[in-house]
Amino acid sequence: VHIKDARPSGVEPIYQPSGYKYWQGYYFTSKDASTNYFYDNLKKGLTELEYEVKANNVGVFNSGITTIECMYEPSVSARSENKVLTIVP
């Protein structure tokens, strides 16, 4: 299962090295425009993923879309809606 979280253009992630998080059961990688999570097995129910970002610009930004997709069956997928993010000084 691949989860891709596109970040708003007004924020930058706080550095975390890519790697496998054994205690949570996923591989994590952070790229320029998105944060990616890869699960071997994602159980039924609610799963919350959090990571820290810092604001680097003031303004109004679109949040980007988060997508989840089964890597072996691409027809099984979903995506979030777009949110508006306002950063004030």
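Presented here is a report on the structure given in the accompanying data block.

## Thoughts on the nonpolar core
1) Next: In this structure, Ile 3, Tyr 26, Phe 28, Tyr 37 and Tyr 39 together form the largest nonpolar core, which totals five residues.
2) Next: For this core, the elements supplying multiple residues, two or more each, are strand S4 (26–30) and strand S5 (34–39).
3) Next: In this view, Ile 3 contacts Thr 35, Asn 36, Tyr 37, Tyr 39, Leu 49, Thr 66, Thr 67 and Ile 68; residues no more than four positions away in its chain are not counted.

## A short note on empty space enclosed by the protein
1) Next: If you walk through the whole model with that rule in mind, you get one cavity of 30 Å³ or more.
2) Next: Within this model, the largest cavity holds a volume of roughly 30 Å³.
3) Next: Lining the largest cavity are Pro 13, Ile 14, Gln 16, Phe 28, Ser 30, Thr 35, Tyr 51 and Glu 52.
4) Next: Looking at the lining of the largest cavity residue by residue, the class counts come to four nonpolar, three polar and one charged.

## Regarding the sheet that holds S4
1) Next: Spatial strand order, S3-S4-S5-S1-S8-S9: six strands in an open sheet with antiparallel pairing. With partners counted over all chains shown, the strands left at the sheet margins are strand S3 (19–21) and strand S9 (73–79), one partner each. Pairwise comparison of adjacent strand axes, ignoring direction, gives a mean angle of 20 degrees for this sheet.
2) Next: Where S4 and S5 come together, five bridges link them in antiparallel fashion. Looking across to S5, one finds that Phe 28 is bridged to Tyr 37.

## Some thoughts on the pattern of salt bridges
1) Next: Taken as a whole and judged by the stated rule, the model has one salt bridge.
2) Next: Of the charged contacts in the structure, one is a salt bridge between Lys 83 and Glu 81, with a shortest N-O distance of 3.0 Å.
3) Next: Residue classification places Glu 81 among the exposed residues on the basis of a relative accessible area of 53%.

## Some points on the environment of Lys 43
1) Next: Mapped onto the elements, Lys 43 comes out in the loop between S5 and strand S6 (53–55).
2) Next: The exposure class assigned to Lys 43 is exposed, which follows from its relative accessible area of 67%.
3) Next: Put simply, Lys 43 and Trp 23 are 20 residues apart on the chain and 15 Å apart in space, counted from C-alpha to C-alpha.

## So, the environment of Ile 68
1) Next: For Ile 68, the location among the structural elements is in strand S8 (residues 66–70).
2) Next: We classify Ile 68 as partly exposed; its relative accessible area is 30%.
3) Next: It is 4.4 Å that separates the C-alpha atoms of Ile 68 and Ile 3, two residues lying 65 residues apart in sequence.
4) Next: Excluding residues that lie within four positions of it along the chain, Ile 68 makes contacts with Val 1, His 2, Ile 3, Leu 42, Val 76, Ser 77 and Ala 78.

Cut-offs applied
- Residues numbered from 1 in each chain as written.
- Predicted model: local features only at pLDDT ≥ 70, side-chain atom pairs only at ≥ 80, totals over all residues.
- Heavy atoms only, no water.
- Core = buried A, V, L, I, M, F, W, Y, C linked by side-chain atoms within 4.5 Å.
- Buried < 20%, exposed > 50% of the residue type's maximum accessible area, 1.4 Å probe, protein only.
- Helix = DSSP H or I, 4+ residues; strand = E, 2+ residues; numbered from the N terminus.
- Contact = heavy atoms within 4.5 Å.
- 1 Å grid on protein atoms, 1.4 Å probe; cavity = no way out; pocket = protein on both sides within 12 Å on 5 of 7 lines; lining within 4 Å.
- Points joined across faces, edges and corners; volume = space filled by probe spheres on them.
- Nonpolar A, V, L, I, M, F, W, Y, C, P; charged D, E, K, R; others polar.
- Pairing = 2+ DSSP bridges.
- Axes fitted to C-alpha atoms, helices over the stretch in contact; angles between N-to-C directions.
- Salt bridge = Lys/Arg side-chain N within 4 Å of Asp/Glu carboxyl O.

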